[in-house]
Each structure stands twice: as structure tokens, then as C-alpha cells.
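Chain and residue survey
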Amino acid sequence: MWGELIQEVRVAQMGVQILFGFLLTVVFTPTFADLPDTDRRIYIVTVVLGATATGALIGPVSLHRLVSGRRVKPQAVTWASRLTLVGLVLLLATMVCSLLLILRVATHDPYVPWLVTGVVIWYVLCWFVLPIWTRRHHTSHGRRVRSAAGRGTG
């Protein structure tokens, strides 16, 4: 399970690092000084979320390195998995805030919150609802639960 987890983390790490790097450069652009206070606050929240997402998604690598050879692989996998899930939630928040900021600056239109809400729903469906549904309906535990429910035993 460790190898699979690390491969998954690599994909998420790449995305969060590119996004975070981009966010760090925004403050040095000439137009940053012209941003209204609300957009500056959104930017600060976004940068902090990006930093925390980066930390959580790089955490499993550090965890593995520091506990390697200590015979705690099951515990390391559990903690790395938890860090990865937290990192994905933080990455979701970072992406949503980034999208909100970009669309607010680019359009100034009242439909921006609706667009962002639609994207949030899409991310939640893709990243959490579909995997949880799949786990519940296509694993042996899920089949046992459905079988028991079908027999009237709960």
C-alpha cells in the first residue's frame, strides 16, 4: 500500500506545488497594489491554504524517510494516508480560493460565486463522492453491508 500511496501523493504534490509557486509570484506583479482589500484577503487566505496543502502533501515523504527501517510501516501508511486526505481537502480549498480570486479580478460579475460553487461541487464529486461511493458499492465490506440490508438485518 505504501507504493500506491506515494504514487498518488506525487500527482497531488505536483499540482499543489505549481499552484503554490504561481500564488507566490502574484504579490510581485504591478497590479497587486491595485487589488481591493477583499481580494487581498482572499489572496492571503489562498496563499496560507496553499502552504498548508503543500506541507500536508509533502508530509508522507518526510514521514517515510524518518521512520524507514523502524518496523512501523502499517502505522506510517495510516498516518501518510491521513496526511494525504488532509492535503487533498486543503488543495481543494486552495483551488477554490484561487478560482474565486481570479474570476473576481477578471470579471467583477455577480455570477462568480455561482461558477465557483459549481466547480466546488464538481471537485467534491470527483475527489470524494465517487471514490466513497465506489468503495461502498464495490468492495467486499460494501457487499456484506448491502447483502445484510437486503435480508432485512441491519
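Look above for the structure.
This one's a predicted model, so the numbers in the text were calculated from it and none came from an experiment.

For the rest of this paragraph, the subject is the layout of surface pockets. Approximately 740 Å³ is the volume attributed to the largest pocket. Along its surface, the largest pocket is lined by 20 residues, and Glu8, Ser81, Thr84, Leu85 and Leu88 are the ones closest to its centre. By residue class, the composition of the lining of the largest pocket is 14 nonpolar, three polar and three charged. The calculated volume of the second largest pocket comes to roughly 250 Å³. In this structure, the second largest pocket is lined by 13 residues; those nearest its centre are Val26, Thr31, Leu35, Leu101 and Val105. For the lining of the second largest pocket, the secondary-structure elements that each account for two or more residues are α1 (2-26) and α3 (73-107). Looking at the lining of the second largest pocket, the element that brings in the most residues is α3, giving four residues. Looking at side-chain class alone, the lining of the second largest pocket contains nine nonpolar, three polar and one charged residues.

Moving on, we get to the packing of α3 against helix α4 (residues 112-138). Between α3 and α4, the least distance of the axes is 10 Å, while the angle of their chain directions is 160°. Judged on the interaxial angle alone, α4 and α3 are roughly antiparallel. Viewed along their axes, α3 and α4 form a crossing whose handedness is right-handed. Each of Leu85, Leu88, Val89, Leu91, Leu92, Met95, Val96, Leu99, Leu100, Leu103, Arg104 and Thr107 in α3 lies in contact with α4, whose residues at this interface are Val112, Leu115, Val116, Val119, Val120, Tyr123, Val124, Trp127 and Phe128. Counted by class, the contact of α3 with α4 contains 19 nonpolar, one polar and one charged residues.

Bringing the packing of aromatic side chains into the picture now. Evaluated as defined, the whole model comprises three aromatic pairs. With centroids separated by 5.1 Å and ring planes inclined at 65°, the aromatic side chains of Phe32 and Tyr43 adopt a geometry described as edge-to-face. Taken together, the positions of Phe32 in the loop between α1 and α2 (37-67) and Tyr43 in helix α2 put the pair eleven residues apart, joining distant regions of the chain. In this pair, the class of Phe32 matches that of Tyr43, namely buried. Each ring, one from Tyr123 and one from Trp127, has its centre 5.1 Å from the other, and the planes form 20°; the classification is stacked. Separated by four residues within a single helix, Tyr123 and Trp127 lie in helix α4, roughly one turn from each other. For Tyr123, a relative accessible area of 18% corresponds to the buried category. Stacked on the ring of Trp79, the Lys or Arg Arg82 has its end atom at 4.9 Å from the ring centre.

How each quantity is defined
Residues numbered from 1 in each chain as written. Predicted model: local features only at pLDDT ≥ 70, side-chain atom pairs only at ≥ 80, totals over all residues. Heavy atoms only, no water. 1 Å grid on protein atoms, 1.4 Å probe; cavity = no way out; pocket = protein on both sides within 12 Å on 5 of 7 lines; lining within 4 Å. Points joined across faces, edges and corners; volume = space filled by probe spheres on them. Nonpolar A, V, L, I, M, F, W, Y, C, P; charged D, E, K, R; others polar. Helix = DSSP H or I, 4+ residues; strand = E, 2+ residues; numbered from the N terminus. Axes fitted to C-alpha atoms, helices over the stretch in contact; angles between N-to-C directions. Parallel < 35°, antiparallel > 145°, perpendicular 65-115°, else oblique. Left-handed = near helix turned anticlockwise from the far one by under 90°. Contact = heavy atoms within 4.5 Å. Phe/Tyr/Trp six-rings, centres within 6.5 Å; stacked < 30°, edge-to-face > 60°. Buried < 20%, exposed > 50% of the residue type's maximum accessible area, 1.4 Å probe, protein only. Lys NZ or Arg CZ within 6 Å of the ring centre and 35° of its normal.

Worth remembering: the numbers are spatial, not functional.
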